[in-house]
Amino acid sequence: GTTTAVIDDNVFGITSGESLGGVDNITSIAVNEDGARYVQAPTITVAAPTARTITQANINETTNVFTVTGHNMRDGTKLTYTSNGTNIVHSGGTLADATAVFVRDATTNTFKIALSAGGTALDITNDGNDSNSFVGDTATATATVSGGVVTGVTVTAVGSDYQSAPAVTVEVPKMTIPTANVNASTNVIT
């Protein structure tokens, strides 16, 4: 089934205060309903974080500062850039689509970007267009099954820049039965 996760210390292992303090990734996923009849671990799908559109008016070419009110990101948050038009240009060249950038110098409402975590802030010389898009990495997780039920979910990649709790989908139970175990004349499955 599909469940919508909620930012809560029981679901993600963080408190409300921590979430407001800049935690933007998924550290744990709780099992609220364990399902039944699982013979193998189901696939867990975590929805992608929401892309941020940052207009030219919110990128200062003089200070290299991006302004996004209450962005809730922290230094080191990884984002992937897509121009959706004219690309952002920096002193080292054009910021190509699908380029990973990292937040640095984050305050409550502003930040700069670098090409590596902790790297030098980019010197922005052209602020691109009004559809500059930045999206974090999608979190991934795996399930553990025991006795036919899901007993736990382990986060294998925490993702980045989750602005709200993502939907988490658990694959329905499935079973593969080899053809040799099906007797068509007696309609018996072994």
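One structure accompanies this document, and this report is about it. (Residues numbered from 1 in each chain as written. Predicted model: local features only at pLDDT ≥ 70, side-chain atom pairs only at ≥ 80, totals over all residues. Heavy atoms only, no water.)

To continue, consider the nonpolar core. Counting 16 residues, the largest nonpolar core has Ile 54, Phe 66, Ile 88, Leu 95, Phe 111, Ile 113 and Phe 134 as the members making the most contacts within it. Listed by contribution, the elements that provide at least two residues to this core are β6 (78-82), β9 (99-104) and β10 (110-114). In contact with Ile 113, other than residues within four places in its own chain, are Phe 66, Leu 95, Val 101, Phe 102, Arg 104, Thr 120, Ala 121, Leu 122 and Phe 134. Ile 26, Ile 29, Ala 143 and Tyr 162 belong to the second-largest nonpolar core, a separate cluster that totals 13 residues. (Core = buried A, V, L, I, M, F, W, Y, C linked by side-chain atoms within 4.5 Å. Buried < 20%, exposed > 50% of the residue type's maximum accessible area, 1.4 Å probe, protein only. Helix = DSSP H or I, 4+ residues; strand = E, 2+ residues; numbered from the N terminus. Contact = heavy atoms within 4.5 Å.)

All told, the structure shown has four salt bridges when counted by the stated rule. We note a salt bridge from Arg 74 to Asp 24, for which the minimum N-O separation is 3.5 Å. With a gap of 50 residues between them, Arg 74 in the loop between β5 (65-67) and β6 and Asp 24 in the loop between α1 (16-20) and β2 (43-46) connect regions that are remote in the sequence. Exposure remark for Arg 74: the relative accessible area of 34% places this residue in the partly exposed category. The class for Asp 24 is buried, based on a relative accessible area of 3%. Residues Asp 137 and Lys 78 are paired through a salt bridge, measuring 3.2 Å at the closest nitrogen-oxygen approach. Separated by 59 residues along the polypeptide, Asp 137 in the loop between β12 (132-136) and β13 (140-146) and Lys 78 in strand β6 bring together distant segments of the chain. (Salt bridge = Lys/Arg side-chain N within 4 Å of Asp/Glu carboxyl O.)

Residue placement: Gly 118 occurs in the loop between β10 and β11 (124-126). Counting along the chain gives 43 residues from Gly 118 to Asp 75, while the straight-line C-alpha distance between them is 7.7 Å.

Here the phi dihedral of Asn 84 falls at roughly 55 degrees; this positive angle occurs in a residue that is not glycine. Tracing the backbone through its elements, the reader meets Asn 84 in the loop between β6 and β7 (89-90). With a phi close to 55 degrees, Asp 161 is a non-glycine residue in the positive phi region. Tracing the sequence through the fold places Asp 161 in the loop between β14 (149-157) and β15 (167-170). The buried category is assigned to Asp 161, whose relative accessible area is 1%.

Burial of the side chains of β6 is restricted to one face: Leu 79 and Tyr 81 are buried, whereas none of Lys 78, Thr 80 and Thr 82 on the reverse face is. Pairing between β6 and β9: four bridges, direction antiparallel. Each bridged residue has a counterpart across the sheet, and for Tyr 81 the counterpart in β9 is Thr 99. (Pairing = 2+ DSSP bridges.)

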